[in-house]
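# A structural walkthrough
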Amino acid sequence: MLDPALLRAHLDVVAERLATRGYALDVAAVEAIESERKRVQTQTQELQNLRNTRSKAIGQAKAKGEDASALMAEVAGIGDQLKVNEQRLAEVQEQLAALALGIPNLPDASVPQGADEHGNVEQHRWGTPRAFDFEVKDHVELGTRHGWLDGDAGAKLSGARFTVLRGGLARLHRALAQFMLDLHAGEHGYLECNVPLIVNPDSMRGTGQLPKFEEDLFSTAVGEGKRYLIPTAEVPLTNLVRDEIVEADVLPMRMTAHSLCFRAEAGSHGRDTRGMIRQHQFEKVELVSISRPADSADEHERMTRCAEVVLEKLGLPYRRMLLCTGDMGFSAAKTYDLEVWLPSQNTYREISSCSNCTDFQSRRMQARWRNPETGKPELVHTLNGSGVAIGRALIAVMENYQNADGSIAVPEALRPYMGGVAQIA
RNA sequence: GGAGAGGUGGCAGAGUGGUCGAAUGCGCCGGAUUCGAAAUCCGGUUUACGGUUAUGCCGUAACGUGGGUUCGAAUCCCACCCUCUCCGCCA
């Protein structure tokens, strides 16, 4: 959510900046509803004030044993008028909130303008794509060996966009998760967490999935009210500070979690249908950082580096992209994507996304820290990044480490997690 | 799922219809005392929103959440959520 004060005072500037990311803000609608809010709220508060002072006078009169009937007649009509006003005020504020919750974050000044992914800017590359002296297979083909990767089984059990992993490949998948978690918790200073995969609507609203993107989520109706399967561990990790005021000395709060992620992939029909690139259920090691506002830009660089180290230790060539205004997610002010080299596609594909959400999520969540300089609670900044997607890392390892016979070499970094084996065959 | 107890400020904990945003204690901040400290004493110490002649002032709201009764609700009524104890079930 954007700062309502900013929205009020500099509506035109806000609209202009939102336009760069392809969002058309209805300025007239905001102005109309805002002036109505102001009128109704002021009037309501005056009525409340009147009622309060009169009621207090009645109490005082009665305490002294005086007759209060004249005073009581005076307040008689206020209740009904107040009820009408309060109802109207609730309506207007609801409209305003609905509008505010649907507005994306403002892009950071350092973000290049662009309409879509073609406007993204490459920052740097690491590693050299391997030269193969045989015809490379893609991960689907490699996965047919020993039934390692079985899309048909996934379809039978659950439907499209589910897969079953078996044997050495299933173990390699597990090894990747353990490796990443150990790296971030052990060397990068993130606190290892294990979090719920099902969360309530408040949590989804806090990180920005609701109310706008409900169709992307799986939900459950078991128990009281609707709850949602998390699309990323960013949701539970970030919401840990929802409605909290944390002390300055706990910042930055760096947290990591390995989790399952569930995405309906609505609107992605026909994209990446082959193999396990785009699944309804996948795993990811997530990085979340809660920081002081002044530190969030540095923290963003650091977090992205932590994700890059994963790929470097795995020996996977990648490049870092700075996303342009038109390609960023709803909550992000600035995003780096890491793209890993996939030999079968002869291109780089997204494997990590690291975003600085500034105060956009924290305002929704009322997540604050106590600033020692002012002594007051102020909004924190929230950041999240994949460190990295495990399914896609598995694909990248399969394709980049494949041998001519279809066996797959195990990257050095993963061997301790594979009982020392050097390849899966 | 059943029975019981309970949810009040950073924490503990009073308050069963009126001057209660809320006693008291602890903690924290400032000051006095002291060579310094402890002890003691004095003062201060929630948040959100709105208005404003803005490092201030005024108003409104908030005692788990949402409704209701009332001129007036932390207090009475209803529903729900959560926590704890015991039982059941379960990994």
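Our structure's up above, just so we're on the same page.
Described below are features of the structure shown in this document. (Residues numbered from 1 in each chain as written. Chains lettered and ligands numbered in written order. Predicted model: local features only at pLDDT ≥ 70, side-chain atom pairs only at ≥ 80, totals over all residues. Heavy atoms only, no water.)

## Quick word on the packing of aromatic side chains
Per the counting criterion, the structure on display carries 6 aromatic pairs. Relative to Phe-134, the ring of Phe-132 lies with its centre 5.5 Å away and its plane at 80°, an arrangement referred to as edge-to-face. These aromatic residues form a ring-pair network of at least three members: Phe-213, Phe-330 and Phe-360. (Phe/Tyr/Trp six-rings, centres within 6.5 Å; stacked < 30°, edge-to-face > 60°.)

## Topic: the environment of Pro-236
The residue Pro-236 is located in helix H10 (residues 234-239) in this model. The spacing of Pro-236 and Val-199 is 37 residues in sequence and 7.3 Å in space, taken between C-alpha atoms. (Helix = DSSP H or I, 4+ residues; strand = E, 2+ residues; numbered from the N terminus.)

## What to know about the nonpolar core
Formed by 46 residues in total, the largest nonpolar core has its most connected members in Leu-169, Leu-172, Leu-176, Phe-179, Met-180, Val-388 and Ile-424. Elements supplying a minimum of two residues to this core: helix H8 (167-187), strand E10 (281-291), helix H11 (296-314), strand E12 (334-342), strand E13 (347-356), strand E16 (381-389) and helix H13 (390-400). By residue number, the principal contributor to this core is H8, which donates 9 residues. Dropping the residues within four chain positions of it, Leu-169 is found in contact with Trp-148, Leu-149, Leu-394, Met-398 and Ile-424. (Core = buried A, V, L, I, M, F, W, Y, C linked by side-chain atoms within 4.5 Å. Buried < 20%, exposed > 50% of the residue type's maximum accessible area, 1.4 Å probe, protein only. Contact = heavy atoms within 4.5 Å.)

## As for the side chain of Asp-138
Of note, Asp-138 is situated in the loop between strand E1 (121-126) and helix H6 (139-143). A relative accessible area of 14% places Asp-138 in the buried class. A distance of 3.1 Å separates a polar atom in the side chain of Asp-138 from the backbone nitrogen of Val-140. Of note is the side chain of Asp-138, whose polar atom sits 2.7 Å from the side chain of Arg-274. Excluding anything up to four places from it in sequence, Asp-138 contacts Arg-274, Ser-344 and Glu-399. (Polar contact = N/O pair within 3.5 Å; in protein donor to acceptor, adjacent residues only side chain to side chain.)

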